[in-house]
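# Fold and geometry: a report
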Amino acid sequence: MVGIVASLAPAVLLVIVAILVQQAAPAIRHFGFRFLASTDWNPVTDSFGALPAIFGTVATSFIALALALPVGVAVALVLAEQGQGQVRGLIGTGIELLAAIPSVVYGIWALYVLAPWSFQHLEVPISGRLGFVGWLADPAVRSLFNASLVLAIMVLPTLTAISRDVIRAVPRGLKENAIALGATWWETTWGVILPSARAGIFGATILALGRALGETIAVTMVIGNNFQIPHSIFNPAYTLASVIANEFTEATGTLYPAALVELGLVLILVTLIVNVVALLLVRSTSREASLAA
Amino acid sequence: MSRNHRRQFASRAWLGGTYLLTVIALIPLGFVLWFTVVKGLPSVIHPQFFINVERPPCEPTCPAVSDAGVAHAIVGTAILVGLASLMAIPVGILGGIYLAEYGVARWSSWVRLACDVLVGTPSIAIGLFAYSLLVVPFHHFSAYAGSVALAILMLPIVMRTTEGAVSLIPNGLRESGLALGLARWRVSLQLILPAAVPGVITGALLAVARASGETAPLLFTAFGAHILELNPAGPIQALPLTVFRYALLPYKSLQDQAWGAALVLVIFVLGINLTSRWVLRRQIRLAGQL
């Protein structure tokens, strides 16, 4: 009996995918694989292509991870190894609260505080000096870069929590051996701890990637909603999730809503794969670590 | 400088850098809280903010004290999250007990994986699902559809935290129950579950906090409303929807309402999180005593 109840979780997952496939069917039949490669999005002519949204989703997520990874690993090192118990507890609570703040609150904050600040103090100076590099030109307040900045803040707790666990799972003996050989803190960390936690930190990064790909509201509020592949990271763009959030309630006809559901289907399938890979990676490293210990 | 000095110096420098990055990581938390309080407080200090419903933009002749409020959004969020809790919490608790107590190793590890994947599933996709399932057939938006979407988000959280709390209970309690001749389901429900209650409550609270702040799954299920709605079969307003829609409009009076709603949301969600951390610490101490 309870077994059936518990099986609801995997069942729900399958049903979600099945229903989305069914709802997207008109668009899948009409466009085929062209849907993924076309850059044309025009509801008036019933012509839909997902490439700009896919590009925006991937670009924001990767920039966010590049920004968040060093910070996340640093915090994880502090939480796992360093500092007094109380300081550590305080930092840990802070990071967990960061995860608890609703996405829409990040959104309104990013829209009125972060994006204008970043425009003035990051985008304009950077593009002033490096604007000759094409993809750093033409700063705008609502941009792909500012969306990535919010995303980086939002995925930080995921990255930190899992990296901390993985770093803690590194067998004590390894670390003690390094210290006994006279290695400094940095030599121990860089030469011993991080290499043995590498696969787990990689898993944490991919898990954070899954979160970043699917994040909707905060990104929708600052990315600028421009259905084109931007020529610069400081330009407005669009992501899969924010197209759906903005356009779905207004979509009429058969093909338009179906195309939007297909965007959702692409999104959910990609995050499914990313999440499964990440979870298996994290699991296998913590198992290895417990075997080694 | 000798080689050893150089090594020590490099190590100190990297350690300093690590701490610096940690401080940088905490700066956004401070700024988000600070700006939400500063910009939301002027709306929230007036009691009518909690009594009245929203007002159309009053620009250019706004009264000194706005009489707009978010009562309809607070009630709507309560209805949505309440219905979602009714669905997700009992199922989640039973599922968690199964994972911790009954699971056949191979199948439970699949269920666990599915739960963790479900936690990471984009909430907008769950919204699309609830829309297809409950809005399309009935031809209108409804709080029911919204609460089903929220329930799907809550389920894996409740399940996994219940599992964690139940597996903290030492085996002695199980064995003594079974030795007294109790049936296995009675051991689970009458001995183990009560002992794990603080942990289970933590999970439920965290799930409620997560659901209260979700916007994406409500956009085309609960949809939103401008007045107080109590009928779950129709569209209904929610706090996150107020923040999302009004923040993007060019009227200062509406943006103020959005910041006020954001502050209410943040206080509620962070309050729940801090409470549940406290409950969880008690649970761990309690389990240690058993």
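Residues numbered from 1 in each chain as written. Chains lettered and ligands numbered in written order. Predicted model: local features only at pLDDT ≥ 70, side-chain atom pairs only at ≥ 80, totals over all residues.

### Description of the overall build of chain A
Scanning chain A from N- to C-terminus turns up 12 helices and 2 strands. Each helix and strand of chain A, placed in order from N terminus to C terminus, yields the pattern α-α-α-β-β-α-α-α-α-α-α-α-α-α. In terms of principal-axis extent, the alpha carbons of chain A reach across some 70 × 65 × 30 Å. Out of the 293 residues in chain A, the part that is buried amounts to 51%. Within chain A, contacts between residues separated by at least 24 positions form 76% of all contacts whose residues are at least 6 apart in sequence. (Helix = DSSP H or I, 4+ residues; strand = E, 2+ residues; numbered from the N terminus. Buried ≥ 20, exposed ≤ 12 C-beta atoms within 10 Å, placed from the backbone. Contact = placed C-beta atoms within 7 Å.)

### Quick look at the overall build of chain B
Looking only at helices and strands, chain B has 11 helices and 0 strands in total. Helices (α) and strands (β) of chain B occur, in sequence order from the N terminus, as α-α-α-α-α-α-α-α-α-α-α. Its C-alpha atoms give chain B a radius of gyration of 24 Å, more than 25% over the compact-globule value 19 Å for 290 residues. With the C-alpha coordinates aligned to their principal axes, the bounding extent of chain B is approximately 75 × 75 × 35 Å. Counting across all 290 residues of chain B, residues that qualify as buried make up 50%. For chain B, long-range pairs separated by at least 24 residues make up 76% of all intrachain contacts whose partners lie at least 6 apart in sequence. (Rg over C-alpha atoms; globule rule 2.2 N^0.38 Å.)

### What about the interface of chain A and chain B?
On the chain B side, the residues contacting the 64 residues of chain A number 68 residues. Looking at the side of chain A that touches chain B residue by residue, the class counts come to 48 nonpolar, 14 polar and 2 charged. (Nonpolar A, V, L, I, M, F, W, Y, C, P; charged D, E, K, R; others polar.)

### With respect to the nonpolar core
Ranked by size, the top nonpolar core spans 184 residues in total, and within it Val105, Ile108, Val150 and Val155 of chain A together with Met154 and Val243 of chain B carry the most contacts. Discounting chain neighbours no more than four positions away, the residues touching Met154 of chain B are Ala84, Ser85, Ala88, Gly92, Ala207, Arg210 and Ala211 of chain B. (Core = buried A, V, L, I, M, F, W, Y, C linked by C-beta atoms within 7 Å.)

### Some points on helix 5 (residues 123–135) of chain B
Residues and elements named next belong to chain B. Taking 1.5 Å as the rise per residue, helix 5 with 13 residues should run 18 Å; its terminal C-alpha atoms sit 17 Å apart, in good agreement. Most of helix 5 sits out of view: 11 of its 13 residues are buried. Of the positions making up helix 5, those classed as buried are Ser123, Ile124, Ala125, Ile126, Gly127, Leu128, Phe129, Ala130, Tyr131, Ser132 and Val135. (Expected span 1.5 Å × (residues − 1).)

### Details of the packing of helix 4 (residues 51–81) of chain A against helix 1 (residues 3–44) of chain B
Remark: helix 4 of chain A packs on helix 1 of chain B, axes separated minimally by 8 Å, with the N-to-C direction vectors making an angle of 110°. Between helix 4 of chain A and helix 1 of chain B, the crossing angle belongs to the class labelled roughly perpendicular. Counting all contacts with helix 4 of chain A, which are made through Pro70, Val71, Ala74, Val75, Leu77 and Val78 of chain A, the residues of helix 1 of chain B involved are Thr18, Tyr19, Leu21, Thr22, Ile24 and Ala25 of chain B. Tallied by class, residues from the contact of helix 4 of chain A with helix 1 of chain B come to 10 nonpolar, 2 polar and no charged. (Axes fitted to C-alpha atoms, helices over the stretch in contact; angles between N-to-C directions. Parallel < 35°, antiparallel > 145°, perpendicular 65-115°, else oblique.)

### With respect to the environment of Tyr106 of chain A
Mapped onto the elements, Tyr106 of chain A comes out in helix 6 (residues 103–130). Along the chain, Tyr106 of chain A and Val219 of chain A lie 113 residues apart, while their C-alpha atoms are 9.1 Å from each other.

### Section: unusual backbone geometry
Residue and element names in this part refer to chain B. That bond from Glu59 to Pro60 is cis: its omega, 5°, falls within 30 degrees of zero. Secondary-structure assignment places Pro60 in the loop between helix 2 (48–51) and helix 3 (71–102). Phi at His139 is positive, roughly 60°, even though this residue is not glycine. Structurally, His139 can be placed in the loop between helix 5 and helix 6 (143–167).

### Overview of the confidence of the model for chain A
Close inspection of predicted coordinates is inappropriate in any region flagged by low pLDDT. Summarising the model, chain A shows a mean pLDDT of 91, and 96% of its residues fall at 70 or more. Taking the mean pLDDT of every element in chain A, the minimum, 75, falls on helix 1 (residues 2–6) of chain A and the maximum, 96, on helix 10 (residues 217–222) of chain A. (pLDDT = per-residue confidence, 0-100.)

### Quick look at the environment of Leu286 of chain B
Residues and elements named next belong to chain B. Topologically, Leu286 is positioned in helix 11 (residues 252–289). Exposure remark for Leu286: the 16 C-beta atoms within 10 Å place this residue in the partly exposed category. Measuring from C-alpha to C-alpha, the distance between Leu286 and Trp185 comes to 23 Å, with 101 residues separating the pair along the chain.

### Overview of the environment of Arg112 of chain B
Take Arg112 of chain B: it is sitting in helix 4 (residues 105–119). Sequence separation of Arg112 of chain B and Leu99 of chain B is 13 residues, and the distance between their C-alpha atoms is 7.8 Å.

### A look at helix 9 (residues 197–213) of chain B
Since the α-helix packs 3.6 residues into each turn, any two residues three or four apart lie on the same face. For helix 9 of chain B, built from 17 residues, the straight-helix expectation of 24 Å at 1.5 Å per residue is met to within 8% by its first-to-last C-alpha distance of 25 Å. For helix 9 of chain B, the buried fraction is high: 14 of the 17 residues fall into the buried class.

### What about the packing of helix 3 of chain B against helix 9 of chain B?
Between two packed helices, what matters for the description is the angle formed by their axes and the separation of those axes. All names here are of chain B. Where helix 3 meets helix 9, the closest approach of the two axes is 10 Å, and the angle between their N-to-C directions is 140°. The handedness of the crossing between helix 3 and helix 9 is right-handed. Contacts between helix 3 and helix 9 pair Thr77, Val81, Ala84, Ser85, Ala88, Ile89 and Ile93 from the former with Val200, Ala204, Ala207, Val208, Ala211 and Ser212 from the latter. Considered class by class, the residues forming the contact of helix 3 with helix 9 number 10 nonpolar, 3 polar and no charged. (Left-handed = near helix turned anticlockwise from the far one by under 90°.)

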